[in-house]
There are 2 protein chains.
Amino acid sequence: MENRIYIVGMGPGREEMMTREALAALEQSDVIVGYTVYLDLLSGRFKGKELLSTPMRQEEKRCRMCFEEAKKGKKTALVCSGDAGIYGMASLMYEIGKEYPQTELVVIPGITAASSGAALLGAPLNHDFCVISLSDLLTPWERIARRLKAAAEGDFAIVLYNPSSRKRKGYLARACDILLSALEPGRPCGIVENIGREGTKTGICTLQELRDREVNMFTTVFIGNSTTEAIGGKLITKRGYPAEQA
Amino acid sequence: MENRIYIVGMGPGREEMMTREALAALEQSDVIVGYTVYLDLLSGRFKGKELLSTPMRQEEKRCRMCFEEAKKGKKTALVCSGDAGIYGMASLMYEIGKEYPQTELVVIPGITAASSGAALLGAPLNHDFCVISLSDLLTPWERIARRLKAAAEGDFAIVLYNPSSRKRKGYLARACDILLSALEPGRPCGIVENIGREGTKTGICTLQELRDREVNMFTTVFIGNSTTEAIGGKLITKRGYPAEQA
């Protein structure tokens, strides 16, 4: 391989929540490519570097930008929020990478919202869980619905990413309606907003209440499994099942 | 609250893969409690501190140890490998914490094997996924089987934690048999061993081949969804579905 691109997960936003290897990869880069919002979070620390961006939705262009910079001989890193391999750009980079066989890709993991949001709520994911995105930008709603049904059927704790956006009002209510057809309305749930950024907020509610909660694109939603309890304002999922419940 | 315990996820093992806030929480502690293997990984850095441990399986005792140390006025941290809230001790700490209302618990997230293993394999979790433990120590096998079926039904990418141990030989084969009743035998899968430690190994195979692979308690297993491909030795799950596949 002639050159290498680091695909870096920066975690929820605060620099303290990045790993040392993620910081080191950015520090040794000449060019950092990313969505504007994430570059802004980093710009204080990486003043001397070339910071390149494309508008939202232009993910393919952003990936090609990385390969072209690396081709020029520049040490290049692509940053994604959370973990670059969980709803991030890692997969698209590998696909476009087929056209750039001289470039090696190295993914550096970061703290994803399932982990960082769970920590703020207590321990809602302390047993088997599913992560589901409610965005139907690239996935037909029928598939999302099928996954929600399967997650309820399997008694998984569930994390919902992208529960809403300006164009997708009402998606969380639709998802809750699907879950409510299988789960009890009192099932404990949690909401986290702006994880690792200014204005972090958490809340605990029932599945029925969740249905009508206002959420935005910075919200992550947690739905408990059959063992989950709200204990002292925290959402706690047991690490197993009592033997007699088998 | 009179005192506070940090419940710290140390990631897969290498210090570079810890977050700065996890390192800071350990640095400011007087006592670090954890399973011996993890304390050994940290002992070089934290020489001046009291390092306390209990043998494996004595998790409840280890938790109580934390609360008792904190009660004495010592700054206390409990370390878990990966993320403390994902098959870690966070949930048990909150349960035992009911008896210690004067102690505040703060969970500091870490990189879990789903993230760190996925990064080594490429991008197998770049869409909705499930995390399932094959350990039936605290969960009846019937529940695990039901979750595997649900995960296949939902076309989730799947991560298997604890695929084997000395007492649970053959569990991965049993899990694969359940998945093979719903998924094609050629479904791309991946294996990672000793993530972030000496002797890291990765491998790509089909679901049929996975059935007969030797795994151990340091292996994490990845099973692709219907879009997953092996590209140049990496396991890549598409970030969406083509519209016509709806």
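Higher on the page you've got the structure.
Cut-offs applied
- Throughout this description, residue numbers start from 1 for each chain and increase along the sequence as written.
- Here the convention is simple: chains get letters from A, ligands get numbers from 1, in the order in which they are written.
- Note on the predicted model: pLDDT of at least 70 is required for a residue's local features to be given, and 80 or more for side-chain atom pairs to be given and counted; whole-chain, interface and lining totals, by contrast, use all residues.
- In computing side-chain properties, one takes all heavy atoms of the structure into account and sets aside hydrogens as well as water.
- Here the aromatic set is Phe, Tyr and Trp, taking the six-membered ring for Trp, and pairing holds for ring centres within 6.5 Å; pairs whose planes are under 30 degrees apart are stacked, those over 60 apart are edge-to-face, and all others are tilted.
- To qualify as a helix, a DSSP run of H or I must reach at least 4 residues; to qualify as a strand, a run of E must reach at least 2; elements of each kind are numbered from the N terminus.
- We call a residue buried when its accessible area falls under 20% of the maximum for its residue type, exposed when it is over 50%, and partly exposed in between, using a 1.4 Å probe and counting protein chains only.
- We place the copies in one frame by least squares, fitting the C-alpha atoms of every residue whose pLDDT is at least 70 in both.
- Residues count as neighbours in contact if any of their non-hydrogen atoms are within 4.5 Å of one another.
- Two strands make a pair as long as DSSP finds a minimum of two bridges between them.
- Handedness of a crossover: with both strands directed away from the viewer, a clockwise path from the first strand across the helix to the second marks it as right-handed.
- A carboxyl oxygen of Asp or Glu within 4 Å of a side-chain nitrogen of Lys or Arg is what we treat as a salt bridge.

## Regarding the packing of aromatic side chains
All names here are of chain A. All told, the structure shown has eight aromatic pairs over all chains when counted by the stated rule. Ring centres 5.1 Å apart and planes at 50° place the aromatic pair Y87 and Y161 in the tilted group. With Y87 in the loop between β4 (76–80) and α4 (90–97) and Y161 in strand β8 (residues 157–161), this residue pair connects regions lying 74 residues apart in the sequence. Assessed through its relative accessible area of 24%, Y87 is described here as partly exposed.

## Some words on the relation of the copies chain B and chain A
At an RMSD of 0.0 Å, chain B and chain A line up after a rotation of 180° and a shift of 0.0 Å along the axis. A rotation of that kind, with that shift, is consistent with a two-fold axis. In this assembly, 100% of the residues forming the interface of chain B have copies in chain A that are likewise at the interface, indicating an isologous arrangement.

## Overview of the pairing of β8(A)
Residue and element names in this part refer to chain A. Burial analysis of β8 places five of its five residues in the buried class, the great majority of the element. By the alternation rule, side chains of β8 split into A157, V159 and Y161 and I158 and L160, which are all buried. In this sheet, β8 lies alongside strand β7 (residues 129–133) in parallel orientation, the contact comprising five bridges. If you follow I132 over to β8, its bridge partner there is L160. For the crossover from β7 across helix α6 (residues 141–153) to β8, the handedness is right-handed. Pairing between β8 and strand β11 (residues 219–223): three bridges, direction antiparallel. Looking at the pairing, L160 lines up with V221 of β11.

## Description of the pattern of salt bridges
Considering all chains together, one arrives at 38 salt bridges over all chains under this definition. The salt bridge involving R45(A) is made with E27(A); its shortest N-O contact spans 2.4 Å. Residue R45(A) is found in the loop between α2 (36–42) and β3 (50–52), and its partner E27(A) is found in helix α1 (residues 20–27); the two are separated by 18 residues along the sequence. Residue R45(A) is classed as partly exposed on the basis of its relative accessible area of 36%. Linking E60(B) and R64(B) is a salt bridge whose minimum nitrogen-to-oxygen distance equals 3.4 Å. Of this pair, E60(B) and R64(B) both sit in helix α3 (residues 59–71), separated by four residues, roughly a single helical turn. With a relative accessible area of 44%, E60(B) lands in the partly exposed category. When salt bridges with common partners are traced through the structure, they connect R14(A), E15(A), E16(A), E27(A), R45(A), R20(B) and E21(B) into a single cluster.

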